Amino acid sequence: MEYGYEMLEEWFGGGIFMLLFLGVVIIGGFSLARMLLRNPSNIDAQTTEPTELEILKERYVRGDISHAELEKIKTNILEDNEDDSSSISNVGKSDG
């Protein structure tokens, strides 16, 4: 029974296939490391838009609106969201 290099040569077909296999392993390792080390916050920042409440908070922090205006607009936004969700849940239901 053969062991060592002769056995690997028989299984993988020689040096060229061993080099190809080693290249695939190295490239795969680099690709995996690059994918895992990518900063996910940059991806999220590009794909998501700020919500109405986030925009409202930014305006308040910048001083564009007063605290009273903030509370009034916030109440309107939350009421509108409740109205939207209740109208969606009532779709297909009849009054009679």
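What counts and what doesn't
- Residues numbered from 1 in each chain as written.
- Predicted model: local features only at pLDDT ≥ 70, side-chain atom pairs only at ≥ 80, totals over all residues.
- Heavy atoms only, no water.
- Helix = DSSP H or I, 4+ residues; strand = E, 2+ residues; numbered from the N terminus.
- Buried < 20%, exposed > 50% of the residue type's maximum accessible area, 1.4 Å probe, protein only.
- Areas by Shrake-Rupley, 256 points an atom, 1.4 Å probe, with all protein chains shown as cover.
- Salt bridge = Lys/Arg side-chain N within 4 Å of Asp/Glu carboxyl O.
- pLDDT = per-residue confidence, 0-100.
- Patch = residues over 30% accessible without salt bridge, like charges linked within 9 Å, V, L, I, M, F, W, Y side chains within 5 Å.
- Lys, Arg positive; Asp, Glu negative; His and termini not counted.
- Charge placed at Lys NZ, Arg CZ, Asp CG, Glu CD.

### Focus: the overall build of the chain
1) Next: The secondary structure content of the chain amounts to five helices and zero strands.
2) Next: Each of the 96 residues in the chain was classed as buried or not, and the buried ones make up 5%.
3) Next: Accessible surface computed for the chain: about 8700 Å², of which carbon and sulfur atoms make up 60%.

### Things to note about the pattern of salt bridges
1) Next: For the structure on display, the rule yields one salt bridge.
2) Next: Residues Asp64 and Arg62 are paired through a salt bridge, measuring 2.8 Å at the closest nitrogen-oxygen approach.

### Focus: the confidence of the model for the chain
1) Next: Of all residues in the chain, 61% attain a pLDDT of 70 or more, and the chain-wide mean is 77.
2) Next: Model confidence for the chain, summarised as mean pLDDT per element, is weakest for helix 3 (residues 40-47) at 57 and strongest for helix 4 (residues 52-62) at 91.

### Some points on a negative patch on the surface
1) Next: Where like charges cluster on the molecular surface, the negative patch consists of Glu52, Glu79, Asp80, Glu82 and Asp83.
2) Next: It is helix 5 (residues 67-89) that contributes the most residues to the negative patch, four residues altogether.
3) Next: The exposure class assigned to Glu79 is partly exposed, which follows from its relative accessible area of 42%.

### Looking at a nonpolar patch on the surface
1) Next: Taken together, the side chains of Leu19, Leu22, Ile26 and Phe30 define a hydrophobic patch exposed on the protein surface, amounting to about 450 Å² of accessible area.
2) Next: Examined against the element boundaries, Leu19 turns out to sit in helix 2 (residues 15-37).
3) Next: For Leu19, a relative accessible area of 62% puts it in the exposed group.

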